[in-house]
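Understanding the architecture of this molecule
Chain by chain, the residues run as shown.
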Amino acid sequence: MEPMDWLKNEELLRFFHCKKTEMSCMENPHTFLSQLRDHDLIQEDRYKKVSRMKSKDNIRKGLYDILDWLERERSQSVRKFWSCVFKETILNQYPTLRLLRNSLMDGSFHFEEQLPERVETEESDEGKRKELSEGEEGEEKQETSVKKKRKLRSRSVCVDEEEPAGPSAQMTPRKRSKKICFSSPLKKGGENNIWRWPIYKFQLPVTCGDQKGTLNRYRLAKGEKCIVVGREWFTPNEFEKFAGRESSKNWKLSIRCMDTTLGQLIKEGHLTAAKYKGGCKRAKKSLFPSGHSTTDEEEEERTEQQPKTSHDSGRKVFRVTCGAVAGTLHEKRFVSGTRGKSIRTETSWMTPVEFLEVAPRQTNASWRKDIKYDGEPLSVLIERNILEIHLLMCNCRLCKPGGEDLESEKNDDECCICKKEGELVMCDHCPRSFHQKCHLPHVEDAILRDNGKWMCTFCIFGTSRGYLYSEELERKATMSCQISKHMLQCQYLLLCLCSADEEQTFAANPCLYLNDNSAVIQTPMWLGHIADKLQKNLYQTVGEFVTDVQLIFSNCASYNRDNAEFLAMGNRLKELFDREFKSVFNISE
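Attention in this report is confined to the structure presented alongside it.

Calculation rules
Residues numbered from 1 in each chain as written. Predicted model: local features only at pLDDT ≥ 70, side-chain atom pairs only at ≥ 80, totals over all residues. Heavy atoms only, no water. Core = buried A, V, L, I, M, F, W, Y, C linked by side-chain atoms within 4.5 Å. Buried < 20%, exposed > 50% of the residue type's maximum accessible area, 1.4 Å probe, protein only. Helix = DSSP H or I, 4+ residues; strand = E, 2+ residues; numbered from the N terminus. Salt bridge = Lys/Arg side-chain N within 4 Å of Asp/Glu carboxyl O. Expected span 1.5 Å × (residues − 1). Contact = heavy atoms within 4.5 Å. Pairing = 2+ DSSP bridges. Axes fitted to C-alpha atoms, helices over the stretch in contact; angles between N-to-C directions. Parallel < 35°, antiparallel > 145°, perpendicular 65-115°, else oblique. Left-handed = near helix turned anticlockwise from the far one by under 90°. Nonpolar A, V, L, I, M, F, W, Y, C, P; charged D, E, K, R; others polar. Phe/Tyr/Trp six-rings, centres within 6.5 Å; stacked < 30°, edge-to-face > 60°.

What follows concerns the nonpolar core. Note that soluble globular proteins tend to have their nonpolar side chains buried in a common cluster. Core analysis: the largest hydrophobic core is formed by 49 residues, its most contacted members being Leu494, Leu534, Phe545 and Phe577. Examining the composition of this core, we find that 10 residues originate from one element, helix H22 (residues 487-500), more than from any other. Phe32, Ile59, Tyr94 and Leu104 belong to the second-largest nonpolar core, a separate cluster that totals 32 residues.

Quick look at the structure:
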């Protein structure tokens, strides 16, 4: 049961009444309003009227009027209101709502026994406020767009989502003074430490120059992108650049929380920060650089004295084995042996115990000692505090997942192609996830609204390859085939290359980041361009498609004659393509 389920409607309504002004000041509230409209909480005309407004002041006033109307006319739907705006997708876009949710859940908001009486009469209140629409007859319910497979996958570490184990702080309303109290719940004589207040338990407001954002404490401690502005996440270095303060080259001094530098908060123990490396990485002589040169930010970070647990402490994914079975263990999903599907194989996600059961049965098998990483048992990683076992009573979404979380555990948290998170489409037959435009062919919105199961190109090809070619073909004949009859095979081959290009080395146009590229390469080519041509049906034959793919490898070889590392990367991908091409078209040579 959610902690909010223990609160009475009257308590939720009081909370709503006190927070209308804060919610009306949210930037870019259109997604927020769309969520209310989609859940039939506001009418279409009210939604459209505010959506057409340009002035920020008018938008805030219009939003406040809508919230005030909801309180007066739809008070019985207050629980539905908080449930729909506390969805993770909405919380990621509006830090104000996340702070409100935290204050509601952790008990830092003190409920009054009853609301103060309004000073103004209802008549004067009506005189000051213009109704957003005349006549509210014929209210039409908007059909909710069901997008079963689309989810905003932005998993954080477990503690980022942690909620209180018990609802005792919310069960009994307590009588307090009539002012909203966000003061620290300190005992008499306690230290007045605002950084430990419940409202700042998860996040802190930060500024850098004129830019404002919200810092997530636990992402900072893990070394992840931890500052959100709107819907975009930044590392501290990236936020510093975003604010135009790149020249300072020291985010611990340039980023502040209420006039206190982050460096001071870290020094005093109020914040924990992992080691961050600098922003953009460059390679001087590489056609498709993933980056190995040292930036100024990296040099600055090296001078800081921070404890190091081991050489593996920065690693997020571990290649593990149990007998002949292999997989990858993802640190951010790890909970314990029986909870949290943290190990991914080619076919599914599973807990360490489930992974152990897939391997040949051993006597007295133990996941801690029989699952190996780099020749050592997982117990070594646990002893080094690289993997952390959650408490038995932990209430995070990994330890006690809901129905939606259980479904999400079955698929990857990032796109199989671009390796980024975001709004992903999940295959119902394998662990892969994709952005709509990364998959080939692109996943249309109509497919997302369909309640049926969706199968990705990898799975479609895997189930049909057994009867595609019963006889062997010659390469020359294959190259002259019309691509329209072999689109599935070509899409599969390109997705294989994109997925194998883990650093996105060959994904983008090299001319965008190599100044001397045109002097060496006459015809640039990259995987993203080939994907666009496949999607737009610009190829006539299989040979045209293969020629473009081979051009990537020949360009890489020409440009990187003196760079063995990138030359090897190109050769590795070329060997993969040649091997898969022969297998896909059943070519004999």
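In this structure, Pro441 follows Leu440 across a cis peptide bond, with omega equal to -5°. Along the chain, the position of Pro441 falls in the loop between strand E15 (433-434) and helix H19 (445-449). Not every positive phi belongs to a glycine, and Asn28 is a case in point at roughly 50°. Relative to the helices and strands, Asn28 resides in the loop between helix H1 (9-24) and helix H2 (30-38). According to the relative accessible area criterion, Asn28 is exposed, its value standing at 55%. If you check the backbone angles, Asn537 has positive phi at about 55° while not being a glycine.

On inspection of all chains with the given rule, the structure shows 21 salt bridges. The partner of Lys20 in a salt bridge is Glu71, with the nearest N and O atoms 2.6 Å apart. One end of the pair, Lys20, is in helix H1; the other, Glu71, is in helix H4 (residues 56-73), and 51 residues separate them in sequence. A relative accessible area of 11% means that Glu71 is categorised as buried. Among the ionic pairs, Glu88 bridges to Arg98, the shortest N-O distance being 2.6 Å. Of the two residues, Glu88 is situated in helix H6 (residues 88-93) and Arg98 in helix H7 (residues 95-105); the sequence distance between them amounts to 10 residues. Classification of Glu88 by relative accessible area gives partly exposed; the value is 21%. Salt bridges sharing partners connect three or more residues here, namely Lys20, Asp68, Glu71, Arg72 and Glu73.

Turn by turn, an α-helix covers 3.6 residues, leaving residues three or four places apart pointing in a common direction. Its 22 residues place the ends of helix H26 (residues 564-585) 31 Å apart at the C-alpha level, agreeing with the 32 Å of an ideal helix rising 1.5 Å per residue. Those residues of H26 hidden inside the fold are in contact with helix H20 (457-464), helix H21 (475-479), H22 and helix H25 (542-559).

What follows covers the pairing of strand E8 (residues 317-322). In E8, alternate side chains face the same way, and those of Phe318, Val320 and Cys322 are buried while those of Val317, Arg319 and Thr321 on the opposite face are not. Sheet topology note: the E8/strand E9 (residues 325-330) ladder contains 6 bridges and is antiparallel. Paired with Val320 across the two strands is Gly327, which belongs to E9. Linking E8 back to E9 in an antiparallel pair, the connection comprises 2 residues, with Gly323 at a positive phi of about 65°.

Time to look at the packing of H20 against H22. Viewed as axis vectors pointing N to C, H20 and H22 meet at an angle of 125°, and their least axial separation amounts to 10 Å. One finds that H20 runs oblique with respect to H22. Crossing angle aside, the handedness with which H20 passes H22 is left-handed. When H20 is examined against H22, the residues Thr457, Phe458, Ile460, Phe461 and Ser464 are found in contact with a partner set consisting of Leu488, Gln489, Gln491, Tyr492, Leu495, Cys496 and Ser499. Residue classes in the contact of H20 with H22 are distributed as 7 nonpolar, 5 polar and no charged.

According to the stated counting rule, one finds 19 aromatic pairs in the structure shown. Where Phe318 meets Tyr373, the ring centres are 5.1 Å apart and the plane angle is 80°; that geometry is what we call edge-to-face. Of the two residues, Phe318 sits in strand E8 while Tyr373 sits in strand E12 (residues 372-373), which places them 55 residues apart along the sequence. Taking relative accessible area as the criterion, Tyr373 reaches 9% and is therefore assigned buried. Seen in terms of ring centroids, Phe577 and Phe581 are 5.9 Å apart; in terms of plane orientation they differ by 25°. Their pairing is stacked.

Next up on the list: the sheet that holds E12. Across the sheet, which stays open at both edges, the 6 strands sit in the order E11-E10-E9-E8-E12-E13 with antiparallel pairing between neighbours. The sheet is open, and its two borders are formed by strand E11 (349-350) and strand E13 (376-377), each paired with just one other strand. Where E12 meets E13, 2 bridges bridge the pair, whose relative direction is antiparallel. Within E13, the position partnered with Lys372 by the bridge is Pro377.

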